[in-house]
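Chain and residue survey
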Amino acid sequence: MTGTVPHPKAPGPTAIGPTAIGSTMELAVAAIAAGGGGVARAEDGRVVFVRHALPGERVVAEVTASTSSFLRADAVKVLESSPDRVTPPCPHAGPGGCGGCDWQHVALPAQRRLKSALIAEQLRRLAHVDLAVPVVEVDGSPYGLGWRTRMQFAVDRSGRVGLHRHRSHDIEPIEHCPLATAEVDGVGAGTILWRGAHHVEVTASPDGGPPVIAVDAGRHRLAARPPTGVGLVVDGRMRRRPSRVRFEVLGHRFEVSAGVFWQVHPAAAALLTGCVLEGLRPAPGERAVDLYAGAGLFTVALARAVGEGGSVVAVERHGRACADAARNTAGMHQVKVVRSDITASVVSGLDRPDVVVLDPSRQGAGQAVMGAVAALDPAPRRVAYVSCDPASFARDLKVALDAGWALSSLRAFDLFPMTEHVELVGIFDPPGRDRGNPAT
């Protein structure tokens, strides 16, 4: 089974008392839920979200959290196994271990089927759209591993780096993460004691060039000895060159500062850029807007497409990202980078764009911003929405649909293997245009 269920609502007047943390129960897992866990029912009728379990399995689960309306649990023993179950490739995966990967126990083809089911559930529940969207495998992550070009580690009191355990501030010490690219893992950040640091982030491009380590030390004095041959940024200040990582995308070189968002899968930037261009088909002389522009990935592509006779306005709230976007578009006089929060009033003030790109964070654009985009008059010829969260995408899609817009295409890519996360690219058409088949 690959059905899904939403998170439970608040308890009603007949709420049941708490269940002891650490107690165990035998459960039949019926579906998959947002969050990556399986869904089962306790004997008292409460929903149980079971990590490390698959639909169709019977497991012994240990309760990790209890409320009057639902429970959380870890599958600590599998009594009846799904044919999609595999041995996790990472020794830190499993109950009590690292919380970074939801599905290391799931075969890769089944991971994509489950993600497709989660997308369909969110579209149906939040946007009232009945649509099956296949999740496409992406090159650059062999066996679902070695694809993270950026890793952020937490640091414990002794200076060891690791990743947080699920729904916990506790840290699982990790020397090597199998999801990291060879360039990131080769820095050896996990083998160093980072005394004085709160977080350590390692970013490395598969295109070559020195990796960059960004350290958050706060008020503490950094007592660690970072490895040589890498850039070093401490609390936003460069300690050792370089402070930026270089990426090559469709023949254009980008420089991205430490802490500035960039797609972590090595194939993502080129793939998503191609999807946006294919969906929008920006033409020479058109006006384009790139909202949540980051370091300018889509800005550059739009500028090339509209040419010197067109224009691109890139709106981004973070100062360092704006500086990167300006640097990455140097010489493209048709580009204007604007540092601003993306609000409904900012969107309403846009100067008659022909095409619009939105690439918000996991929280989505939100009702006000999406409503403002949908209300632009005259309406843009097309809008591209890039999302890493099916739920926020579905909520924003509903706003556009209610305003008369249509979802002309929706594509999904497996840019985050071993996790429940997935990347979506939706293309919206304004009211009055012929509607295509969204599942393309």
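Everything below is about the structure printed above this text.
Now for a quick tour of the structure.

1. Considering the environment of Ala-374
Structurally, the position occupied by Ala-374 is in helix α7 (residues 367-374). Overall, the relative accessible area of 12% leaves Ala-374 in the buried class. Excluding residues that lie within four positions of it along the chain, Ala-374 makes contacts with Ala-400, Ala-403 and Trp-405.

2. Side note on the side chain of Thr-203
Its location among the elements puts Thr-203 in strand β12 (residues 199-203). Setting aside its immediate chain neighbours within four residues, Thr-203 contacts Thr-149, Arg-150, Pro-211, Val-212, Val-245 and Phe-247.

3. A word on the packing of helix α3 (residues 268-280) against helix α4 (residues 297-306)
Relative to each other, α3 and α4 sit at 45°, their axes nearing to 10 Å. Judged by the angle between their axes, α3 and α4 are oblique. Along this stretch, α3 crosses α4, giving a crossing that reads as right-handed. Residue-level contacts link Ala-269, Leu-272, Thr-273, Val-276, Leu-277 and Leu-280 of α3 to Leu-297, Phe-298, Ala-301 and Leu-302 of α4. Looking at the contact of α3 with α4 residue by residue, the classes come out as 9 nonpolar, 1 polar and no charged.

4. Some details on the pattern of salt bridges
Inspection of the entire model under this criterion finds 22 salt bridges. Close ionic contact of Asp-102 with Arg-51 constitutes a salt bridge, the shortest N to O distance being 3.3 Å. Of this pair, Asp-102 sits in the loop between β7 (70-80) and α1 (108-127) while Arg-51 sits in strand β5 (residues 47-51), and the two are 51 residues apart along the sequence. One exposure class covers both Asp-102 and Arg-51, and it is buried. As a salt-bridge pair, Asp-341 and Arg-317 come within 3.4 Å of each other at their nearest N and O atoms. Of this pair, Asp-341 sits in the loop between β20 (335-339) and α6 (344-348) while Arg-317 sits in the loop between β19 (311-316) and α5 (319-328), and the two are 24 residues apart along the sequence.

5. A closer look at the packing of aromatic side chains
All chains considered together, the criterion is met by 7 aromatic pairs. Arranged with centres 5.3 Å apart and planes meeting at 50°, the rings of Phe-254 and Trp-262 form a pair that is tilted. Aromatic side chains Tyr-385 and Phe-393 sit 5.3 Å apart centroid to centroid with 85° between the ring planes, which places their arrangement in the edge-to-face category. Comparing Tyr-385 with Phe-393, the two get one shared label, buried. Counting every residue linked through ring pairs, the aromatic cluster contains Phe-247, Phe-254 and Trp-262.

6. Structural notes on the pairing of β20
Note: β19 against β20, 5 bridges, orientation parallel. Across the sheet, Val-315 pairs through a bridge with Val-338, a residue of β20. Handedness of the β-α-β unit built from β19, α5 and β20 comes out right-handed.

7. Thoughts on the nonpolar core
One finds Trp-194, Val-202, Ile-213, Val-215, Trp-262 and Leu-272 to be the most contacted residues of the largest nonpolar core, which totals 71 residues. When residues no more than four places from it in sequence are discounted, the contact partners of Ile-213 are Val-187, Trp-194, Val-200, Glu-201, Val-202, Pro-227, Val-230, Gly-231, Leu-232 and Val-233. Residues Ile-119, Val-347, Leu-376 and Leu-397 belong to the second largest nonpolar core, which totals 39 residues.

8. Looking at the sheet that holds strand β9 (residues 150-155)
What the 7 strands build is an open sheet, ordered β11-β10-β9-β12-β13-β14-β15; its pairing is mixed. Each edge of the open sheet carries a strand with a single partner, namely β11 (171-173) and β15 (237-240). Within this sheet the neighbouring strands show an average axis-to-axis angle of 35°, counted without direction. Both β12 and strand β13 (residues 212-216) contribute to a ladder of 5 bridges, which runs antiparallel. Residue pairing in the sheet places Thr-203 in a bridge with Val-212 of β13.

Parameters and conventions
Residues numbered from 1 in each chain as written. Predicted model: local features only at pLDDT ≥ 70, side-chain atom pairs only at ≥ 80, totals over all residues. Heavy atoms only, no water. Helix = DSSP H or I, 4+ residues; strand = E, 2+ residues; numbered from the N terminus. Buried < 20%, exposed > 50% of the residue type's maximum accessible area, 1.4 Å probe, protein only. Contact = heavy atoms within 4.5 Å. Axes fitted to C-alpha atoms, helices over the stretch in contact; angles between N-to-C directions. Parallel < 35°, antiparallel > 145°, perpendicular 65-115°, else oblique. Left-handed = near helix turned anticlockwise from the far one by under 90°. Nonpolar A, V, L, I, M, F, W, Y, C, P; charged D, E, K, R; others polar. Salt bridge = Lys/Arg side-chain N within 4 Å of Asp/Glu carboxyl O. Phe/Tyr/Trp six-rings, centres within 6.5 Å; stacked < 30°, edge-to-face > 60°. Pairing = 2+ DSSP bridges. Right-handed = clockwise from strand over helix to strand, strands pointing away. Core = buried A, V, L, I, M, F, W, Y, C linked by side-chain atoms within 4.5 Å.

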